Amino acid sequence: MKASTVAGRKIYLAGHRGMVGGAILRQLQARGGDEIVTRTHAELDLTDQAAVYAFMQAERPDVVILAAAKVGGILANNSYPADFIYENLMIACNVIHAAFAAGVTQLLQLGSSCIYPREAPQPMAENALLTGTLEPTNEPYAIAKIAGIKLCESYNRQHGVDYRSVMPTNLYGPGDNFHPENSHVLPALIRRFHQAAAEDQDEVVIWGTGTPRREFLHVDDMAAASFFVLDLSKDEYEAQTEPMLSHINVGTGTDIAIRDLAGLVAQITGFKGRITTDPSKPDGAPRKLMDVSRLEAMGWRAQIELEDGISETYRWYLAHQDQIRR
């Protein structure tokens with residue numbers, strides 16, 4: 001492990017109450033030696049330009065980690081496209097510009113694998129960015145995340161700062177969103193199969209054909225990868241990237257069909273009935289596997305196996321049902 005470049009500095013973590021932000025916060029606290037600054041949404045609305053600017057001027061952090069975002073699954077993205085593009089664009093623009101204006105020279109932005117074209121060659125390498133049409137179901141969100149990458153690169157080019165972007169694959173783990181309508185596929189499956197098992201149902205119907213393949217990364221691995229990238233020296237980072245192609249994929253390098261994922265969740269939750277598909281519902285992109293060779297060449301690889309990670313997430317769900325039931 002490389003020596004930390006952030007230890008002993010003032011770090012503003014945006015989005016600390018989210019799943020990935022919470023994992024980053026836990027690891028920041030475990031590392032020790034840093035002054036950690038956080039704000040809840042009620043305390044600071046990141047879509048409010050004046051409020052974000054004033055906050056950055058008052059706090060003057062040394063490092064900013066931008067893990068805040070409006071996120072959701074296919075249904076949420078289809079239902080609220082204006083909310084997804086507006087809020088995520090505003091968060092990126094406000095935080096990145098206000099950080100620069102406050103003299104922040106080091107920033108890490110977290111994005112998403114949906115930045116890549118729907119038909120991008122698999123696995124998706126960083127140079128697939130902006131080479132084709134995006135997946136329509138989450139295009140507004142993807143556009144906002146692409147803008148975040150280009151904001152970081154543009155500020156680097158014009159102002160000589162060190163703003164980096166990491167693009168995780170599908171994340172899951174403790175603190176996930178298990179809402180029946182607005183969650184991503186894995187927590188949605190955990191909730192539905194748990195309920196089906198508890199109610200001794202005969203069948204669970206999953207959206208789409210079940211054939212799309214997805215890659216899943218445990219949120220603790222994502223937090224570890226974020227610190228690994230943040231801790232790289234500028235020379236090490238720039239040796240593996242390009243000025244206008246500087247983002248780094250973070251994933252496991254392996255994927256699974258949704259139908260097989262459902263079978264794994266059924267096994268973990270104890271569901272014994274049938275699993276059927278509903279092809280009338282959207283599948284989303286046919287495959288979204290990340291090429292993680294750039295990050296592996298830097299020296300980092302995911303550690304948590306999918307079955308172990310889902311089992312841990314299910315235990316967390318069981319322990320927090322009362323708080324997350326809605």
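Structure: above.
Residues numbered from 1 in each chain as written. Predicted model: local features only at pLDDT ≥ 70, side-chain atom pairs only at ≥ 80, totals over all residues. Heavy atoms only, no water.

1. Quick word on the overall build of the protein chain
Phase 1 of the analysis: Helices and strands together make up the secondary structure of the protein chain, namely 12 helices and 13 strands.
Phase 2 of the analysis: Computed over C-alpha atoms, the radius of gyration of the protein chain comes to 19 Å, within 12% of the 20 Å expected from 2.2 N^0.38 for 326 residues, which places it in the range of a compact globule.
Phase 3 of the analysis: Principal-axis analysis of the C-alpha atoms gives the protein chain an extent of 60 × 40 × 40 Å.
Phase 4 of the analysis: Across the 326 residues that make up the protein chain, the buried fraction comes to 53%.
Phase 5 of the analysis: Counted over contacts in the protein chain with a minimum sequence separation of 6, partners at least 24 positions apart contribute 82%.
Phase 6 of the analysis: Carbon and sulfur atoms provide 49% of the accessible area of the protein chain, an area that totals close to 14100 Å². (Helix = DSSP H or I, 4+ residues; strand = E, 2+ residues; numbered from the N terminus. Rg over C-alpha atoms; globule rule 2.2 N^0.38 Å. Buried < 20%, exposed > 50% of the residue type's maximum accessible area, 1.4 Å probe, protein only. Contact = heavy atoms within 4.5 Å. Areas by Shrake-Rupley, 256 points an atom, 1.4 Å probe, with all protein chains shown as cover.)

2. Description of unusual backbone geometry
Phase 1 of the analysis: In the segment running from Q122 into P123, the intervening peptide bond is cis, with an omega of -10°.
Phase 2 of the analysis: Locating P123 in the fold gives a position in the loop between strand 4 (106–110) and helix 5 (139–159).
Phase 3 of the analysis: Even without being a glycine, D200 presents a positive backbone phi close to 55°.
Phase 4 of the analysis: With respect to the helices and strands, D200 occurs in the loop between helix 6 (185–198) and strand 7 (203–207).

3. With respect to the nonpolar core
Phase 1 of the analysis: I24, I65, L110 and L295 are the most contacted members of the largest nonpolar core, which has 32 residues in total.
Phase 2 of the analysis: Elements with a contribution of two residues or more to this core: strand 1 (10–14), helix 1 (19–31), strand 3 (63–66), strand 4, helix 7 (219–231), strand 10 (248–250) and helix 10 (293–298).
Phase 3 of the analysis: Counting residues per element, this core draws most heavily on helix 7, at 8 residues.
Phase 4 of the analysis: What I24 contacts, discounting residues up to four positions off in sequence, is L13, I65, A67, L110, A223, S226 and F227.
Phase 5 of the analysis: Counting 25 residues, the second-largest nonpolar core is a separate cluster that includes M56, L66, A102 and V104. (Core = buried A, V, L, I, M, F, W, Y, C linked by side-chain atoms within 4.5 Å.)

4. A short note on helix 4 (residues 81–101)
Phase 1 of the analysis: If you check helix 4, its first and last C-alpha atoms are 30 Å apart, about what 21 residues at 1.5 Å a residue would give, namely 30 Å.
Phase 2 of the analysis: For helix 4, every residue scored as buried is listed here: F84, N88, I91, A92, N94, V95, I96, A98 and A99.
Phase 3 of the analysis: Those residues of helix 4 that are buried lie in contact with helix 2 (49–59), strand 3, helix 3 (74–79), strand 4, helix 5 and strand 5 (162–168).
Phase 4 of the analysis: Looking at the residues trailing helix 4, positive phi occurs at G103, about 85°. (Expected span 1.5 Å × (residues − 1).)

5. Description of the sheet that holds strand 11 (residues 256–257)
Phase 1 of the analysis: Strand order in the open sheet formed by 3 strands is 11-8-13, and the pairing between neighbours is mixed. Of all strands in the sheet, those bounded by a partner on one side alone are strand 11 and strand 13 (287–288).
Phase 2 of the analysis: Relative to strand 13, strand 8 (residues 213–214) runs parallel, the two being bridged by 2 bridges. If you follow R214 over to strand 13, its bridge partner there is K288. (Pairing = 2+ DSSP bridges.)

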